[in-house]
Structure formats: structure tokens, C-alpha cells
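Commentary on secondary and tertiary structure
As a plain string of letters, each chain reads:
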Amino acid sequence: MNTYIPEGYKSLLGVYDTQKAIGLLKRLFEDQLAAKLNLFRVSAPLFLEEASGLNDNLNGYERPVLFDIPQAGKEAQVVQSLAKWKRMALHRYDFYPGKGLYTDMNAIRSDEELDNLHSLYVDQWDWERVMREEDRNIDFLKEIVKRIYAAMVRTEYMVYEMFPAIKPILPQQIHFIHSEELLKKYPTFTPKEREDAITKEYGAVFIIGIGCSLSNGEKHDGRAPDYDDWSLNADIVVYYPVLDIALELSSMGIRVDKTALISQLDKAGCPERK
């Protein structure tokens, strides 16, 4: 476990006001995200039947928490991620292109590496939206990111209005960069060091092309092989001054199609999509 309290750190709010601020932030961001992306709230499962195949295997090595359901004679898994379940839910709700769902996901990841940012318990907003085939391109992905980031900036400011001790730190615009470009910019750095450096420079960055091999033969980070299109998968990361590091706020992207899936199974490179 790698956790620590920075020297001189002091909470800006008391325990009760911290909880009030967290609740306010969640309510505000929920409304902002739904409005920006035309999303509708649905309830998410806490566990799934093991045989359903709907639980996410993340990078392929994380073990889900298992338990049996005696009255049903079945095995269940606590959710690790809703990536596969969301696609089924889109079909079940019969959403059309341009419309989607969001949910407040709770999960347990027993193999998570614990530090100041990662816990066994996950509480995050999760969303999925139906898209058209012709929108499978980097420009469409960037447009969606701009909307999400605008929701983040607006939420931050509204929290500041209610709790002035929490000063806004996000820049008004987010910077876009491909993981290969990031590698060339900082060729001697590790992926984490590259994220730290680029966020210190720009404040907020969208790093594209996560999951596939770069020119040095390595991946920037791991991504699922069966539902993420690695060349159209990315992270929103911001500079977090409390810990002086890059903080990932969103891991997202366009889902895999047949062409991308074949390419990933062949372990092809990661071309920058135009």
C-alpha cells in the first residue's frame, strides 16, 4: 500500500462540510453531464451472474469478488466495471443514436494497487451513448470530450460558489495529445512521468491512443481487448497540486468494431486516427 499525507496538508473543510461538498458536486455534475451528452439515468447492478459474461475483466488479470446464491444455485460476481453491461442496457432501453444512459456505479476491485488515488471500493459516474458508424473518428471523440470537460469546469465553479475555500484550478480549455506524440515529447520518461509532465504544462489534457503498442514497443497503459478501440481510447487527466501529480478523471473512448478488434487481436500498432 502506497499512501501518504503531503507535508503541511490541511483539509480546507471540516468533516461535515466535506461530505456536503461531495454530495453537492455529485448532484451538480450528474445534471451537467446528462445535459451535455443527452443522457438518461438508469440504475446499475451491484453484482452480476457469473455465467452472464457481462462483468468487466478490466485488463484481463484482475479477479472479481465471487459469492454463491444458494436459492438460485448460481455464482455471482461483484461488479468491477459496467463496460459490457452498459452496451446491453442501451439495447434494452432501445436508445437511438445521440442518446444514452448514465449511472452511479459502485464496484469492488480486490486486486487494485492501493495508493492515495485508488481504493478497493469504486464509486464513479459511468455512461454510454449510441453513436453512428460515420462518427467513428477522432474529431467526434474530441467534441464529446469538450462537452464533458465543460461540465467539469462548470461543476467546479458552482462548488466554489457554495464553498469559497475550494478554489477552481481547472483551465478553461483542455489540451489534446496522442500517446505517441507524448512519448516523443518525453522519450526518457515512464508513462506516469509523461502524464505528470504534460498536465503540469497544460493543466488538463486528453491523452489519445491508450492500449496499443507505441513506437518503443510498449503501451501507454492497459485497455480491454474485446470492447475498447485502442486507437480511439483515451484519458482525461488534470494536474492535481495537492499531490503534485496527474489525476485521471475519466477513462473513455469509442467502442471496438470488427476492424479494430481484428487489428488488436493481430497486435498491430496504434495509428493516429484522423
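Residues numbered from 1 in each chain as written. Predicted model: local features only at pLDDT ≥ 70, side-chain atom pairs only at ≥ 80, totals over all residues. Heavy atoms only, no water.

**A few points about the pattern of salt bridges**
Considering all chains together, one arrives at 19 salt bridges under this definition. Among the ionic pairs, R136 bridges to D229, the shortest N-O distance being 2.8 Å. Placement of R136 in the loop between β6 (121–129) and α3 (138–162) and of D229 in strand β9 (residues 228–240) is noted, with a sequence separation of 93 residues between them. Across this residue pair, the class does not change: R136 and D229 are buried. A single salt-bridge network, built from bridges that share partners, covers K86, D126, E128, D228 and R255. (Salt bridge = Lys/Arg side-chain N within 4 Å of Asp/Glu carboxyl O. Helix = DSSP H or I, 4+ residues; strand = E, 2+ residues; numbered from the N terminus. Buried < 20%, exposed > 50% of the residue type's maximum accessible area, 1.4 Å probe, protein only.)

**With respect to the sheet that holds β6**
The strand order across the open sheet built from 3 strands is β1-β5-β6, with neighbouring strands paired in mixed fashion. Two strands bound the open sheet, and with one partner strand each, they are β1 (39–41) and β6. Shown here is a sheet whose adjacent strand axes are inclined to one another by a mean of 35°, direction ignored. In the sheet, strand β5 (residues 100–108) pairs with β6 via 9 bridges, with the strands oriented antiparallel. The residue bridging G100 from the neighbouring strand is R129, located in β6. Running at roughly 40° to β6, helix α2 (residues 83–92) makes contact with β5 and β6 of the sheet. (Pairing = 2+ DSSP bridges. Axes fitted to C-alpha atoms, helices over the stretch in contact; angles between N-to-C directions. Contact = heavy atoms within 4.5 Å.)

**Here's the deal with helix α5 (residues 191–202)**
Look at α5: 17 Å from first C-alpha to last across 12 residues, which is about the 16 Å you get at 1.5 Å a residue. For α5, the complete set of buried residues consists of R194, E195, D196, A197, I198 and T199. Of the surrounding elements, those touching the buried residues of α5 are β7 (175–178), α4 (179–185), β8 (204–208), β9 and β10 (245–255). One or two residues past the end of α5 sits G203, with phi positive at roughly 90°. (Expected span 1.5 Å × (residues − 1).)

**Topic: the packing of aromatic side chains**
The relative placement of two aromatic rings is captured by the distance of their centres and the angle of their planes. The tally for this structure, following the rule as stated, stands at 7 aromatic pairs. Plain terms: the ring middles of F40 and F95 are 6.5 Å apart, the flat faces sit at 40° to each other, and that makes the pair tilted. One end of the pair, F40, is in strand β1; the other, F95, is in the loop between α2 and β5, and 55 residues separate them in sequence. Measuring from ring centre to ring centre gives 5.3 Å for Y186 and F189, while their planes differ by 5°; the resulting arrangement is stacked. Relative accessible area serves as the criterion here: at 14%, Y186 is assigned to the buried category. Taking the relative accessible area as the measure of exposure, F189 reaches 34% and is therefore partly exposed. The ring of F40 has K99 sitting right over it, with the charged end atom 4.6 Å from the ring centre. Stacked on the ring of W230, the Lys or Arg K219 has its end atom at 4.8 Å from the ring centre. (Phe/Tyr/Trp six-rings, centres within 6.5 Å; stacked < 30°, edge-to-face > 60°. Lys NZ or Arg CZ within 6 Å of the ring centre and 35° of its normal.)

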